[in-house]
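Residue-level structural notes
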Amino acid sequence: MRIYLYFADKTLIFTDETSPARFFAVDLPQGGRISRTKILNFLETHNEVAVCTPDPEQAFSLFRQEFAAVEAAGGVVVNDRGEYLMIHRNGRWDLPKGHVEPGESTAECAVREVAEETGAVGAEVVRFLCRTLHAYYMHGRWELKATHWFEMRVSSSRALKPQREEGIDVAAWCPAAELKDRLEGMFPTVRRVFECLEK
């Protein structure tokens, strides 16, 4: 099994495999613990790090205790023309997503965030796709965000409106023919979501 955790463009996995291909492998005994500091040191010189252990779930559970937990949700929104809704923020294309509010389901959050970040109202959830894990340093602490992703459909032809106060400078529909080129510049978390969409 593999548990993927992303640090921007770098990938950390917890796995019961021994020395998976491409990854810099770190062996961890049953019940062992690896610190965030040690992992960050490995990620300075390696883009892909694997923690190889007999019980990946237990090792990850111990590791995540060094982070503040954040729940979020977002969507891959497709319109009637087969185009994908994307946002442009911090120089990169991304998908709309945001933090889950108290009392809100992840599906409700995804619909709300799509509307707020892009102006695309009336999106409907088709199915749950996957959950991605992403770690980052913000507001003086390390956070580990679990984002719940949904496939969504919308038929509205209303003009899109990027949520500029969230740093989004463009909200746009991406034709299917341009998706592959756009994905190359996106975060690995987003590429993983599109892999799940194709299943």
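Located above this text is the structure these notes cover.
Everything numeric in this text was worked out from a predicted model, so none of it was measured.

We now examine the pattern of salt bridges. Within this structure, the stated rule accounts for 15 salt bridges. Of the charged contacts, one joins Glu 101 and Arg 112 as a salt bridge, the two residues approaching to 3.7 Å between their closest N and O atoms. With a gap of 11 residues between them, Glu 101 in the loop between strand E8 (97-99) and helix H3 (106-118) and Arg 112 in helix H3 connect regions that are remote in the sequence. On the accessibility criterion, Glu 101 (42% relative accessible area) is partly exposed. Assessed through its relative accessible area of 17%, Arg 112 is described here as buried. Glu 104 is the salt-bridge partner of Arg 112, the closest N and O atoms lying 2.7 Å from each other. Like Arg 112, the residue Glu 104 is buried in the burial classification. Each of Glu 101, Glu 104, Arg 112, Glu 113 and Glu 116 takes part in a single network of salt bridges with overlapping partners.

Within the chain, Ser 19 stands out as a residue other than glycine whose phi angle is a positive 45°. Note on placement: Ser 19 falls in the loop between strand E2 (10-15) and strand E3 (24-27). The exposed category is assigned to Ser 19, whose relative accessible area is 53%.

What counts and how
Residues numbered from 1 in each chain as written. Predicted model: local features only at pLDDT ≥ 70, side-chain atom pairs only at ≥ 80, totals over all residues. Heavy atoms only, no water. Salt bridge = Lys/Arg side-chain N within 4 Å of Asp/Glu carboxyl O. Helix = DSSP H or I, 4+ residues; strand = E, 2+ residues; numbered from the N terminus. Buried < 20%, exposed > 50% of the residue type's maximum accessible area, 1.4 Å probe, protein only.

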